[in-house]
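# Structure assessment
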Amino acid sequence: MKVAVAKYPVGQPADFTAFAEKQAALLGEAASAGARLAVLPEYLSLELAATFGLPVLADLHASLAAIQQCHADYLALFSRLARAHGMHVVAGSFLLATGEGRYRNRGYWFTPDGAMGWQDKLQLTGFEKKTGVIEGGDALKVFEADGVRAGIAICYDSEFPLPVRAQQQAGARLLVVPSCTDTPAGAMRVQVGCMARALENRLFVAQSVTAGLAAWSPALDVNTGEAAIYAPMDVGLPADGMLARTAGDEVWAMAELDFDALEASRARAQVAVDVDWRGQLSPGIVRAVVSEW
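To start, this report covers the structure provided alongside it. (Residues numbered from 1 in each chain as written. Predicted model: local features only at pLDDT ≥ 70, side-chain atom pairs only at ≥ 80, totals over all residues. Heavy atoms only, no water.)

### Comments concerning the layout of surface pockets
Put simply, the largest pocket is a space of about 420 Å³. Together, 25 residues line the largest pocket, and Thr125, Phe127, Cys180, Thr181 and Asp182 are the ones closest to its centre. For the lining of the largest pocket, the secondary-structure elements that each account for two or more residues are α4 (126-131) and α6 (184-201). Tallying contributions element by element places α4 first for the lining of the largest pocket, with 4 residues. For the lining of the largest pocket, the per-class residue count stands at 11 nonpolar, 6 polar and 8 charged. (1 Å grid on protein atoms, 1.4 Å probe; cavity = no way out; pocket = protein on both sides within 12 Å on 5 of 7 lines; lining within 4 Å. Points joined across faces, edges and corners; volume = space filled by probe spheres on them. Helix = DSSP H or I, 4+ residues; strand = E, 2+ residues; numbered from the N terminus. Nonpolar A, V, L, I, M, F, W, Y, C, P; charged D, E, K, R; others polar.)

Here it is in structure tokens:
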């Protein structure tokens, strides 16, 4: 499966048509390069706040409320593009209203035949908590894509081992991570999380990021990091765990993922963290005791 992850240049679209044309152009590039799966970043929907002008675009709460009227068109757009290009599309995330002024950060997966699945972000960042209106999800999913099982971990969720381990135990061999970070430290935390999840679970991790400056937006103002595709660091796989990574103005990083080779690598592994995971659960070491000298 050839996978493409975007270093998405955040813009300021004038209207939904401009937003849609941008998505069509970007996904067209990925499809032309042979991608079977294209991944867009977290908070992609917030770019639509620009279409409502001032004062909405400068007010996060007003932006969240306003973009709800774009939700149906957003779903229809990415469903159409997935079918048109015959590929899977992870359409970043949409801050979806759940009622009573609350929102969930929802990642959507569209298939080439028009089916759609979703995964809500589970853990909230400090920024999301401070909004007072974003809530975490309460369900964990795994999807089937071309015979490969995959899960979504939205940005901060990639930094937590147990939910991703649950996805791996449900058969996931690919983890998709739509992300958005505004500092080098934040970008590094998500990168380390992605690499750790690849190592622990013997799976591929495909991370998309937002890029550039958007001074008009209280949420997308500054964006850092590189889109990348990671593998476990072991025999027959990259020693640094890096299969592909954007640089400079590159929008897409792409890699051909060989899931049969990934599975076969287990037999000659130097370490098998995924298999040895149970060792850390033995009764004598699940809790540390304070030792007296």
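Additional details are given in the paragraphs that follow.
### Focus: the packing of helix α5 (residues 161-169) against α6
Two elements in contact, α5 and α6, have axes whose closest approach is 10 Å; the angle formed by their N-to-C orientations is 45 degrees. Put simply, α5 runs oblique to α6. For the pair α5 and α6, the sense of crossing is right-handed. The residues of α6 that touch α5, namely those facing Pro161, Val164, Arg165 and Gln168, are Arg197, Glu200 and Asn201. (Axes fitted to C-alpha atoms, helices over the stretch in contact; angles between N-to-C directions. Parallel < 35°, antiparallel > 145°, perpendicular 65-115°, else oblique. Left-handed = near helix turned anticlockwise from the far one by under 90°. Contact = heavy atoms within 4.5 Å.)

### Concerning the packing of aromatic side chains
Any two aromatic rings considered together are summarised by their centre-to-centre distance and by the angle between their planes. Tallying each qualifying case throughout the model produces 9 aromatic pairs. Members of the aromatic cluster, each reached through a chain of ring pairs, are Phe16, Phe19, Tyr74, Phe78, Phe94, Tyr108 and Phe110. Positioned above the aromatic ring of Trp118 is the side chain of Arg106, whose terminal nitrogen or guanidinium carbon lies 3.6 Å from the ring centre. Between Lys141 and the ring centre of Trp118, over which it is positioned, the NZ or CZ distance is 3.1 Å. (Phe/Tyr/Trp six-rings, centres within 6.5 Å; stacked < 30°, edge-to-face > 60°. Lys NZ or Arg CZ within 6 Å of the ring centre and 35° of its normal.)

### Describing the environment of Gly279
One can find Gly279 in the segment after α8 (273-276). Given a relative accessible area of 38%, Gly279 falls into the partly exposed group. Taking the C-alpha atoms as reference points, Gly279 and Gly137, 142 residues apart in sequence, are found 30 Å from one another. (Buried < 20%, exposed > 50% of the residue type's maximum accessible area, 1.4 Å probe, protein only.)

### Quick notes on empty space enclosed by the protein
Where empty space is left can be seen by rolling a probe of water-molecule size over the atoms. Summed over all chains, the structure comprises 3 cavities of 30 Å³ or more. Quantified by volume, the largest cavity comes out at close to 50 Å³. Taken together, Gln119, Asp120, Leu122, Leu140, Ile152, Ala153, Ile154, Asp157, Pro163, Val164 and Gln167 form the lining of the largest cavity. Put simply, the parts of the chain that give the lining of the largest cavity at least two residues each are β5 (116-120) and α5. At 3 residues, the largest contribution of residues to the lining of the largest cavity is made by α5. Looking at the lining of the largest cavity residue by residue, the class counts come to 7 nonpolar, 2 polar and 2 charged. Taken as a whole, the second largest cavity encloses approximately 50 Å³ of empty space. Contributing to the lining of the second largest cavity are Leu199, Arg202, Pro232, Met233, Asp234, Val271, Ala272, Val273 and Asp274.

### Points about the pairing of strand β4 (residues 102-110)
Judged by how many residues are buried, β4 sits mostly within the fold: 8 of 9 residues are covered. As paired elements, strand β3 (residues 88-99) and β4 share 8 bridges and run antiparallel to each other. Its bridge partner lying in β4, Val90 is registered against Trp109. Hairpin connection from β3 to β4: 2 residues lie between these consecutive antiparallel strands, with Glu100 at a positive phi of about 55 degrees. In the sheet, β4 pairs with strand β6 (residues 134-135) via 2 bridges, with the strands oriented parallel. Among the inter-strand pairings, Tyr103 is bridged to a residue of β6, identified as Ile134. (Pairing = 2+ DSSP bridges.)

### Considering the nonpolar core
Judged by nonpolar contacts, the single largest core of 48 residues is most densely connected at Phe19, Leu27, Leu40, Leu46, Tyr74, Phe78 and Trp252. Those elements giving two or more residues to this core turn out to be β1 (2-9), α1 (16-32), β2 (37-40), α2 (60-66), α3 (71-85), β3 and β4. Looking at which element gives the most residues to this core, the answer is α3, with 6 residues. Dropping the residues within four chain positions of it, Phe78 is found in contact with Phe19, Gln23, Leu27, Leu40, Leu44, Val89, Ala91 and Phe110. Residues Ala206, Ala227, Tyr230 and Ala255 belong to the second largest nonpolar core, which totals 41 residues. (Core = buried A, V, L, I, M, F, W, Y, C linked by side-chain atoms within 4.5 Å.)

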